[in-house]
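Read off the chains here:
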Amino acid sequence: MKYAIQINASPNSTNSGYCAYQFIKAALKMNHQVLRVFFYQEGIYHALKYSILPDDELQMTKKWSKLAKEQQIDLVVCISAAQRRGLLFDDEAKRQGKLDQDLAEGFRISGLGQLLEATLLADRFIEFG
Amino acid sequence: MIMKKFLFIMDKPPHKGIELQEKLDVILTAAAFDQKVALLFLDDGVFQLKKGQQPEKQGLKETASIFNALNIYDVNDLYIEVDSLQERGLRPGDLSLPVKEFYRKDVNVLMAGYDIII
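Now for a quick tour of the structure. This is a predicted model, so every value here is computed, not measured.

### Re the interface of chain B and chain A
Reports of interface size often rely on the accessible area that becomes lost once the parts have come together.
Logical step 1: With 12 residues of chain B at the contact, the number on the chain A side is 13 residues.
Logical step 2: Tallying contributions element by element places helix 1 (residues 19-32) of chain B first for the side of chain B that touches chain A, with 6 residues.
Logical step 3: Of the residues belonging to the side of chain B that touches chain A, the class tally is 7 nonpolar, 1 polar and 4 charged.

Here it is in C-alpha cells:
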C-alpha cells in the first residue's frame, strides 16, 4: 500500500512526530511504500539543522535525516509554514545575507501542492496532529 | 488529474495562533487542484464562523474574508454539527455563512462519503 504522511506537531509539543516515525518504519518493514512525509505547521521544527539537543533527548531531526538517507524517503517541509516560523532555506538564507540555511540533511523545501499531490497518489493519507 | 473527495474537520477554536489560517491554506490548495472539498464544523470549530469577530485587536489575522471567498473556489459544502452549536449557545443565525446542519449521530454517515478526512 502507498502512504502519504503529514506531521503538524513539533518534536516537543506532542510525541505525534515520533509516532509517525515509528509508523513509517513499521510500514516500510512490511514492504509498504511511503510516498512522502509532509511537515506542516509546527511540524517544520523537525527539520532544523542547528537545533542541537542534549545527548539524552530524542534526536528527531537526526532520525529523519538517517531515515531519508537509508530508505530514500521524500521529506518535504512546507515553504509557507517554514517562512512563517523563520526557518531559512537555501535561497532565502542567501537573500538575507546569512552564512547558512536551517534545513537539515534529507529534507527539502516545497509548497502545499506537494502535499496535495501526495494525497492524490497515495492509497492512504494519515495526518499526525 | 485524479479526483478525490476531501472533508476538512474544523474542530479547533478560530484564534488559536495561526492554526486556522494554515488549515485554510490547505483547503484553498485542495480547491485549486480541482478536488471536491467540503468542511465540517464541530466542537469549538463552530466558533470559526461566528459573526462579528475582531481578531486584529489581539494581533491575529482575520479569517472571515477567506471563509467568505470559499464559494469563489467552488467550496460550497459547509456542514455543521448542530449539537456542537447548541452546546455553545449558538444558532445558525449567529454564523456568517449558510451551513447545512448535521446531527452528531449522523456525522459518521457524512464522513463515509469522503476519500480523505483531514
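### Some details on the sheet that holds strand 1 (residues 2-7) of chain A
All names here are of chain A.
Logical step 1: In space, the 5 strands of this open sheet follow the order 4-3-2-1-5, with parallel pairing throughout. With partners counted over all chains shown, the strands left at the sheet margins are strand 4 (107-110) and strand 5 (124-128), one partner each. Across the sheet, the mean angle separating the axes of adjacent strands is 25° when strand polarity is ignored.
Logical step 2: Two strands pair when backbone bridges link them, and strand 1 and strand 5 are joined in this way by 5 bridges, in the parallel orientation. Directly across from glutamine 6, in strand 5, lies its bridge partner glutamate 127.
Logical step 3: Against the sheet, helix 1 (residues 16-29) engages strand 1, strand 2 (33-39) and strand 5, with an angle of about 165° to strand 1.
Logical step 4: The sheet strands contacting helix 5 (residues 112-121) are strand 1, strand 2, strand 3 (75-78), strand 4 and strand 5, and the helix crosses strand 2 at an angle near 150°.

### Some points on the sheet that holds strand 5 (residues 116-117) of chain B
Sheet strands line up and pair through hydrogen bonds in the backbone, either parallel or antiparallel.
All names here are of chain B.
Logical step 1: Spatial strand order, 4-3-2-1-5: 5 strands in an open sheet with parallel pairing. What marks the edges here is a single partner per strand, and that holds for strand 4 (100-102) and strand 5.
Logical step 2: Where strand 1 (residues 5-10) lies against strand 5, 2 bridges are found, and the strand directions are parallel. Bridged to phenylalanine 6 within strand 5 is isoleucine 116.
Logical step 3: Each of strand 1 and strand 2 (36-41) is contacted by helix 1, which is oriented at about 150° to strand 2, the strand it contacts most.

### Things to note about the pairing of strand 2 of chain B
All names here are of chain B.
Logical step 1: Relative to strand 2, strand 1 runs parallel, the two being bridged by 6 bridges. Bridge pairing links isoleucine 9 to leucine 40 in strand 2.
Logical step 2: Relative to strand 3 (residues 77-81), strand 2 runs parallel, the two sharing 4 bridges. Counted as the bridge partner of leucine 39 is leucine 78 from strand 3.
Logical step 3: For the handedness criterion, the β-α-β arrangement of strand 2, helix 2 (residues 64-69) and strand 3 is classed as right-handed.

### Some details on the environment of glutamate 62 of chain B
Logical step 1: Locating glutamate 62 of chain B in the fold gives a position in the loop between strand 2 and helix 2.
Logical step 2: Residues within four places of glutamate 62 of chain B in sequence aside, it is in contact with Pro55 and Glu56 of chain B.

### Overview of the pairing of strand 2 of chain A
Residues and elements named next belong to chain A.
Logical step 1: Taken across its 7 residues, strand 2 has 5 buried, putting it largely inside the fold.
Logical step 2: Across 6 bridges, the pairing between strand 1 and strand 2 is parallel. Bridged to lysine 2 within strand 2 is glutamine 33.
Logical step 3: Considered for its hand, the β-α-β crossover made up of strand 1, helix 1 and strand 2 is right-handed.
Logical step 4: With 3 bridges connecting them, strand 2 and strand 3 associate as parallel partners. Within strand 3, the residue paired with phenylalanine 38 across the bridge is valine 76.
Logical step 5: With helix 2 (residues 60-71) bridging strand 2 and the parallel strand 3, this β-α-β connection has right-handed handedness.

How each quantity is defined
Residues numbered from 1 in each chain as written. Chains lettered and ligands numbered in written order. Predicted model: local features only at pLDDT ≥ 70, side-chain atom pairs only at ≥ 80, totals over all residues. Contact = placed C-beta atoms within 7 Å. Helix = DSSP H or I, 4+ residues; strand = E, 2+ residues; numbered from the N terminus. Nonpolar A, V, L, I, M, F, W, Y, C, P; charged D, E, K, R; others polar. Pairing = 2+ DSSP bridges. Axes fitted to C-alpha atoms, helices over the stretch in contact; angles between N-to-C directions. Right-handed = clockwise from strand over helix to strand, strands pointing away. Buried ≥ 20, exposed ≤ 12 C-beta atoms within 10 Å, placed from the backbone.

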